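# Descriptive structure summary
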Amino acid sequence: MALAASTLPGLAALVALLFTWMSVGQTNKDLQISEQGQITTRFNAAITNLGKASLDVRLGGIYALQRIMQDSSRDQRTVVSVLSAFVRQHAPVPVSGFKPAEEYRPPTDVAAVVSVLGNRSADREVTQDGKPLYRVDLSSVDLRGLEREVGLTEDGMPRHSNFRFANFTGADLRDAGLENFDLSGASLDNANMTGVKLPNADLRHAFLGGANLTNAHLGAADMTGADLGGANLHNAHLSRAEETNETSEADSSANLTRTSLIGANLSTADLRGVILVGADLTDADLAGADLRSADLTNADLSNADLTGAKLSGAILEGARGLPPHRRAQ
């Protein structure tokens, strides 16, 4: 009897502890349900604001969705889908094509959406082996003349806009300022990128088949493993030498290591110091291209048109398809 009496306080304490644990668990569950309810309410309000006639109200909806992405990782995919659809709906490339000329900038709300999408967290969207779980879909959108302010990281370095694996197929990006954009693995097939500004952009393993990069500025862009088969790079600038009118160092120019440039138009392109190690330039048009100090180690130049091309100082070790008289330059 005495033994039973002595164990009662301990048993009571254990029961009290168990009850407290269950209460805390229920409280946490209720809190999570409440938070999800609040997010749902905020999401519905933001979506409603996106459809309003007032620009200020639409911008409020856009930035409300940005805040939801920041607060709820599980809702980021949905927000990305909604914002991508907003751009496709409000800035489509006309089926009949554009009328001539005039300077153009995307509407304020469309530019705001692009900024919000570029600033989202990137680590939530890829698997452990780096494959995308989902991606931004801005296919066939009109972003001509887009200018995006480049923010700085905590250590003062330019912040990359996150468009990894994004779909820009058929998009019109003429004269857009995409400096420091992360477009690694992105699809830019048949995109109109005439005059686009892409210095310091990450285009590793991007797909640019058939893209128009005439007069594009790609100084210091990393295009390692990119596919530019059939792309038009007529008069494109892939080095920074144009700024000083001197031959640039290789590490300050674009990196096109192992890039596919089969049949690409690179006529009169500025390729000074560009890294083309292992690049496939079969049937490429390099007429008048400036390849001074470019690294063409193990590149394939079979049937490439090198009429008038400048090769002074170029590294040609292991390059295939190059006429013997061009190696002596």
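Above this text sits the structure in question.
Residues numbered from 1 in each chain as written. Predicted model: local features only at pLDDT ≥ 70, side-chain atom pairs only at ≥ 80, totals over all residues. Heavy atoms only, no water.

Looking at the element boundaries, L213 is found in the loop between β2 (181-182) and α5 (324-327). Apart from residues lying up to four places away in sequence, L213 is in contact with M193, V196, L208, L228, N232, L233, H234 and A236. (Helix = DSSP H or I, 4+ residues; strand = E, 2+ residues; numbered from the N terminus. Contact = heavy atoms within 4.5 Å.)

Moving on, we come to the side chain of D202. The residue D202 is located in the loop between β2 and α5 in this model. Of note is the side chain of D202, whose polar atom sits 2.6 Å from the side chain of R204. Among residues more than four places away in sequence, those in contact with D202 are F181, D182, L183, S184 and D222. (Polar contact = N/O pair within 3.5 Å; in protein donor to acceptor, adjacent residues only side chain to side chain.)

Attention shifts here to unusual backbone geometry. Despite not being glycine, D175 has its phi angle at roughly 60°, a positive value. Examined against the element boundaries, D175 turns out to sit in the loop between β1 (161-162) and β2. One non-glycine residue, R258, adopts positive backbone phi at about 55°. In this fold, R258 is placed in the loop between β2 and α5. Accessibility expressed as a relative area gives 53% for R258, which makes it exposed. (Buried < 20%, exposed > 50% of the residue type's maximum accessible area, 1.4 Å probe, protein only.)

Before going further, it helps to spend a moment on the side chain of S260. Mapped onto the secondary structure, S260 falls in the loop between β2 and α5. Residue class for S260 comes out buried when judged on its relative accessible area of 19%. Among all residues touching S260, those that are not within four sequence positions of it are A226, D227, L228, G229 and D280.

Now for helix α4 (residues 108-118). Within α4, eight of the 11 residues are buried, which leaves it mostly tucked inside the rest of the structure. Listed as buried for α4 are D109, V110, A112, V113, V114, V116, L117 and G118. Close packing links the buried residues of α4 with α2 (55-71), α3 (76-90) and β1.

On to the nonpolar core. Counting 85 residues, the largest nonpolar core has F163, F168, M193, L233 and L238 as the members making the most contacts within it. Residue assignment for this core shows that the elements contributing at least two residues are α1 (2-50), α2, α3 and α4. Considering every element that reaches this core, the biggest residue donor is α4, with six residues. In contact with M193, other than residues within four places in its own chain, are L173, L188, L198, L208, A211, N212, L213, T214 and A216. (Core = buried A, V, L, I, M, F, W, Y, C linked by side-chain atoms within 4.5 Å.)

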